[in-house]
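Architecture and fold: a report
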Amino acid sequence: MNMNVLYDHTIGRSAAILAIVAVLILGCSTQTGSDMPESIRDVALETPVALADVKLLDDQKQQVTRENFTGHWTLVTFGYTHCPDICPATLSQIGMLYKLVQQDGVKDLPRVYFVSVDPQRDALEYLGEYTRYFNTSFIGISGDQQALKSFEDQFGVFHRYEKQPGSENYLVDHSADIFLVDPQARIVASFQPPMNLRQVADLYAGFVDYYAGKQS
C-alpha cells in the first residue's frame, strides 16, 4: 500500500515517498491475517508500524507523548495553517468523515491530530483555533524541528520549506495523507485525499470492529 503522498505546492503535483524505517517495524505482529475481512485487508498495512517516542505539544501547550495515542483510535495528518489549498480541503473532509462515522453510530470515534510542520508561523494558540474551525474536537499539535522530524520519520513522511530569503510568505511541501493509528499506538492504514467519505467511513468501522473482536 502506498504510505503517503507529498503535496508539492510549487509545482502542483503529488509524488510518492517510500520511506518507512525498517527498525520501526521489527517485532510488530503481522496485521493482515486470514481472519481479517477482505474489505479492510485490501487497505491495511501488511505490518503495523509501532510508534516510538513522541515529544510534541498540543494547542493547549500540553505534552503529547506516545501514551496520547493509546486506548483509542487516532487519525493523523500533516500540514500548516498558511497552506492555501490541500490542508483546509483535507481537514474539511476529515470533519465530514468524523460526522459520518458519528451518524453511523460507531462507538469508538477517532481522536484527530493535525500536525503543523511550520512551527515558526503556527503559534499553538492559533493552531488550535485553526484546527477547531473544522471540528471542535480536533487537536493541533507541533514541536521544534527535531521533534517534528522524529515524529515524521515514524510515518515515513517529511516536509520541505520553499523559502525566499527574508520572506515570511512561503509554502511548505508536505505529506497529504491521513494515517490511521490503532489503540495500541500502531499505524495500520493510510488514506489519500480526496477521500470517498462513505467508503472510508465503512473502512474505519471495519477496523474498529475487527480489532474489538481481536481483543474479546
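Before reading further, recall that the structure is shown in the block above.
Residues numbered from 1 in each chain as written. Predicted model: local features only at pLDDT ≥ 70, side-chain atom pairs only at ≥ 80, totals over all residues. Heavy atoms only, no water.

Moving on, we get to the overall build of the protein chain. Counting its secondary structure elements, the protein chain contains six helices and 12 strands. Contacts in the protein chain between residues at least 24 apart in sequence constitute 71% of all its contacts with a sequence separation of at least 6. Of the accessible surface of the protein chain, which amounts to about 10300 Å², a share of 51% is contributed by carbon and sulfur atoms. (Helix = DSSP H or I, 4+ residues; strand = E, 2+ residues; numbered from the N terminus. Contact = heavy atoms within 4.5 Å. Areas by Shrake-Rupley, 256 points an atom, 1.4 Å probe, with all protein chains shown as cover.)

Another point: the pattern of salt bridges. Enumeration according to the criterion identifies 10 salt bridges in this entry. The salt bridge involving Lys-214 is made with Asp-35; its shortest N-O contact spans 3.5 Å. Of the two residues, Lys-214 is situated in helix 6 (residues 197-215) and Asp-35 in the loop between helix 1 (22-25) and helix 2 (38-41); the sequence distance between them amounts to 179 residues. Accessibility expressed as a relative area gives 48% for Lys-214, which makes it partly exposed. Given a relative accessible area of 45%, Asp-35 falls into the partly exposed group. Across the pair Asp-202 and Arg-198 runs a salt bridge, and its minimum N-O distance is 2.8 Å. You can see Asp-202 and its partner Arg-198 sitting in helix 6, four residues apart, about one turn around the helix. (Salt bridge = Lys/Arg side-chain N within 4 Å of Asp/Glu carboxyl O. Buried < 20%, exposed > 50% of the residue type's maximum accessible area, 1.4 Å probe, protein only.)

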